[in-house]
Amino acid sequence: MAQNLKRMISMINKGKDLDVWLPQYTGALGQVYCENAIVHFLMNYYVMFEQTAEHQMDQTEKTAVDAINRAVEILSYEREEQEIREAVEALSQIRTSVMNRMDVLTAYADRLQIYEYLLNRMEYSYQENVCVPDESVFTQKLLQFIFSSKENVVVNETIQEVVGQLPVRMARSRFFEILKNSIALYKDSDKESLKSFQYMLETSAGIYEPAGQSEYFTELGAEIDAFRTVDYETLSEEEFHNMQETLADLTGRLLLATDRFMILQEVINPLLAYAEALPYAKENEVMEKAREITTAILDLFGQKDAAQIPDEIDAKLMELEGIQEELNEKQQLLEAVLDQILLSNKDQAQQLGLLEALLVYQKISKLLSTSIFIDTEGTEDSLPVEKNDIEKAQEELIEKMAVLFKERPIRYLRAVIANTLPNVPVFFQNSDEVKQYIEEALAQCHDPSEKKVSMELLEQLMEAE
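What you see is a predicted model; the values in this text were computed from it and never measured. (Residues numbered from 1 in each chain as written. Predicted model: local features only at pLDDT ≥ 70, side-chain atom pairs only at ≥ 80, totals over all residues. Heavy atoms only, no water.)

Chemist: I keep staring at a negative patch on the surface and nothing clicks. Help me out?
Modeler: Among the surface-exposed residues, Glu391, Glu395, Glu396 and Glu399 lie close enough to one another that they form a single negatively charged patch. Mapped onto the fold, Glu391 is located in helix α17 (residues 387-407). Glu391 gets classed as partly exposed once you look at its relative accessible area, which sits at 41%. (Patch = residues over 30% accessible without salt bridge, like charges linked within 9 Å, V, L, I, M, F, W, Y side chains within 5 Å. Areas by Shrake-Rupley, 256 points an atom, 1.4 Å probe, with all protein chains shown as cover. Salt bridge = Lys/Arg side-chain N within 4 Å of Asp/Glu carboxyl O. Lys, Arg positive; Asp, Glu negative; His and termini not counted. Charge placed at Lys NZ, Arg CZ, Asp CG, Glu CD. Helix = DSSP H or I, 4+ residues; strand = E, 2+ residues; numbered from the N terminus. Buried < 20%, exposed > 50% of the residue type's maximum accessible area, 1.4 Å probe, protein only.)

Chemist: What exactly am I supposed to notice about the packing of helix α5 (residues 135-146) against helix α19 (residues 431-443) here?
Modeler: Helices that pack against each other are described as a pair by the angle of their axes relative to one another and the distance between those axes. At their nearest, the axes of α5 and α19 sit 10 Å apart, and the two run at 145° to each other. Pair α5 / α19 crosses with right-handed handedness. Of the residues in α19, those in contact with Glu135, Phe138, Thr139, Leu142, Leu143 and Ile146 of α5 are Val434, Lys435, Ile438, Glu439, Leu442 and Ala443. Taken together, the residues of the contact of α5 with α19 break down into eight nonpolar, one polar and three charged. (Axes fitted to C-alpha atoms, helices over the stretch in contact; angles between N-to-C directions. Left-handed = near helix turned anticlockwise from the far one by under 90°. Contact = heavy atoms within 4.5 Å. Nonpolar A, V, L, I, M, F, W, Y, C, P; charged D, E, K, R; others polar.)

Chemist: Just to check I follow, could you spell out the side chain of Arg121 for this structure?
Modeler: Among the secondary structure elements, Arg121 is positioned in the loop between α4 (81-120) and α5. No salt bridge is formed by the buried Arg121, whose closest oppositely charged neighbour, Glu450, lies at an N-O distance of 5.6 Å. Among the polar contacts listed, one links the side chain of Arg121 to the side chain of Gln165, at a separation of 2.9 Å. Apart from residues no more than four positions distant in its own chain, Arg121 is found in contact with Gly164, Gln165, Ser449, Glu450, Val453, Ser454 and Leu457. (Polar contact = N/O pair within 3.5 Å; in protein donor to acceptor, adjacent residues only side chain to side chain.)

Chemist: Sorry if this is basic, but what is going on with the packing of helix α2 (residues 18-54) against helix α13 (residues 323-335) here?
Modeler: Running from N to C, α2 and α13 cross one another at 140°; their axes reach a closest spacing of 9 Å. What the angle tells us is that α2 and α13 run oblique. Between α2 and α13 lies a crossing whose hand is left-handed. Together, Tyr25, Ala28, Leu29, Val32, Tyr33, Glu35, Asn36, Val39, His40 and Met43 of α2 and Ile323, Gln324, Leu327, Asn328, Lys330, Gln331, Leu334 and Glu335 of α13 make up the contact between the two elements. (Parallel < 35°, antiparallel > 145°, perpendicular 65-115°, else oblique.)

Chemist: It is not clear to me how the state of the cysteines should be interpreted in this structure. Could you clarify?
Modeler: Disulfides are covalent bonds that connect the sulfur atoms of two cysteines. If you walk through the whole model with that rule in mind, you get zero disulfides. We note that Cys131 lacks a disulfide partner, and the nearest cysteine sulfur, in Cys445, lies 15 Å from it. Cys131 gets classed as exposed once you look at its relative accessible area, which sits at 58%. (Disulfide = S-S within 2.5 Å.)

Chemist: Could you clarify how one ought to interpret the side chain of Thr203 in this entry?
Modeler: Of note, Thr203 is situated in helix α8 (residues 191-204). Dropping the residues within four chain positions of it, Thr203 is found in contact with Asp110 and Tyr208.

Chemist: Would you take a moment to explain the pattern of salt bridges for this structure?
Modeler: Close approach of charged atoms lets side chains of opposite charge pair. Per the counting criterion, the structure on display carries 26 salt bridges. In this structure, Glu81 engages Arg85 in a salt bridge whose closest nitrogen and oxygen atoms are separated by 3.0 Å. Of this pair, Glu81 and Arg85 are both found in helix α4, four residues apart, which corresponds to roughly one turn of the helix. Notably, a salt bridge pairs Lys452 with Glu456, separated by 3.6 Å at the nearest N-O pair. On the criterion of helical spacing, the pair formed by Lys452 and Glu456 is a turn pair, its members being four residues apart in helix α20 (residues 448-464). Within this structure, Arg70, Glu73 and Glu83 form a network of salt bridges that share partners.

Following this line, the structure appears as C-alpha cells:
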C-alpha cells in the first residue's frame, strides 16, 4: 500500500497523468483522514470520559461535553444532513469558546511565570551569610556546557536557556534594541509569522491582553493582579512564604483548568475532522470498530454510576492498537503534496471536480495537527513582510513595553526581561560576547540571594544534560 501511495505522489510531483492520479489521491487522503480522525477521536474520548468522571464539571465544560456527545450520537447513526450540519456548527462554536478561554489561561500562565521568577530570586533573602560559588570557576564551567555541542542549533538553544536563568542586569535601551532587532529579522518572512512572533513576545512579557479577559476566569485574574500591589522590597519572611503558597495554589488551579480545556480541544478537533472527511470516505472495518467503541463510551455518559471504562471496552480498544501509527504514516505521506497540488494544479483539480474536497482537506489537516488551538477558519496572511510592517510591529511593541517599564518595579521588570529573552533569536555574535554577558550578569548582580538562586538553577540545567 505504501509503495502504491509513493508511486502516486511521484507521478503527481512530475505532473504526469493527473486526470488519473488526482482522483485517486483525493480518494486516498479522504479515506485516511476519516479513519485517522475517528481513531484519534476515540482515544481522546476515552480520556475525556475518565477525566469528567473524576471531578465536578463547571457549566462551560458541561456544555462542551453535551455538544460533543450530541455530535457523537448524530455522526454514529444515520441522520439527516441538516442534523449533521447543526451538530458540526455547535461543535465549531464550542471549539471557538474553548480557544477563547485558553487564550486567557495562556496569558495568565505567563504572568504567573514572571512572578515565580521574581519570588524565586528572593529565596535566600531572609538568610544571613549567603554563600555564593566562585564566579570565575562557574563561568568557565557554564561556557564549556554551552559550547559542548558542535551543532549550532543546539548551542543557540542552550544559550537561550542560560540567558533566561542568569541575573538580569540590562539597560532598558539595550533590551528594547534586542526586541527591535529580533522583529527586523522577519523582513524576509510572511505576515502571519511576524504576527505570531509579536504575540509570543507580548505573552512572555505579560503585556498581552486577551479579548476574553474581562469575561473568563475573572476570579483567577483578580488574584494574580493582587501580586501587582505588593511592595517586594519590604516583604517580611512570613509574607514571602505566604505569597509562595498563593502562587503555588494559583499555578495548580490554572494547570487543572488548562488540562480540562486541552482534552476538550483534543476531542473536538478529530471529531470535527471526522465529520468533514466522512463524505469522502467509504465504510470499512476500522471505522466500524472505532464507531462501535465510541457508542459504548457514549452510553457510559448516560449512566450516573459509571466512573471507569469497563474491561470489555478496553479489550476492544486493544484491537485498534498500532492502527493509528500506520494511519499517521499514510497521512504524512499524502499531506506532503496537498499544498503543492492546490498551488500548482488547482485549475485541473477544479476541472476534475476535486477542488472542494481538497480545500476541505486543508481544514482537516489543521484539525489533525499537533497545534490543537490553530485557527481553522481564518486565512493565514502569507503575504511577504514589508518595511512598514516591521516598523509598525517594532513601534507597537516598544510602546507597550515603555508603559510597562514606567509602571512596574525593577524586580518585576528583571523578571519580564528574563522571561522574554529566551524567546528571541540569539543576539550574540561570537563566544566572546557570550562570555562577556555571563561575566557581567554575575558581576553586576549585588544581591546574594538572586545570584545564588540563578547559579543553582544553572547548575541543575548543566546536571540534567
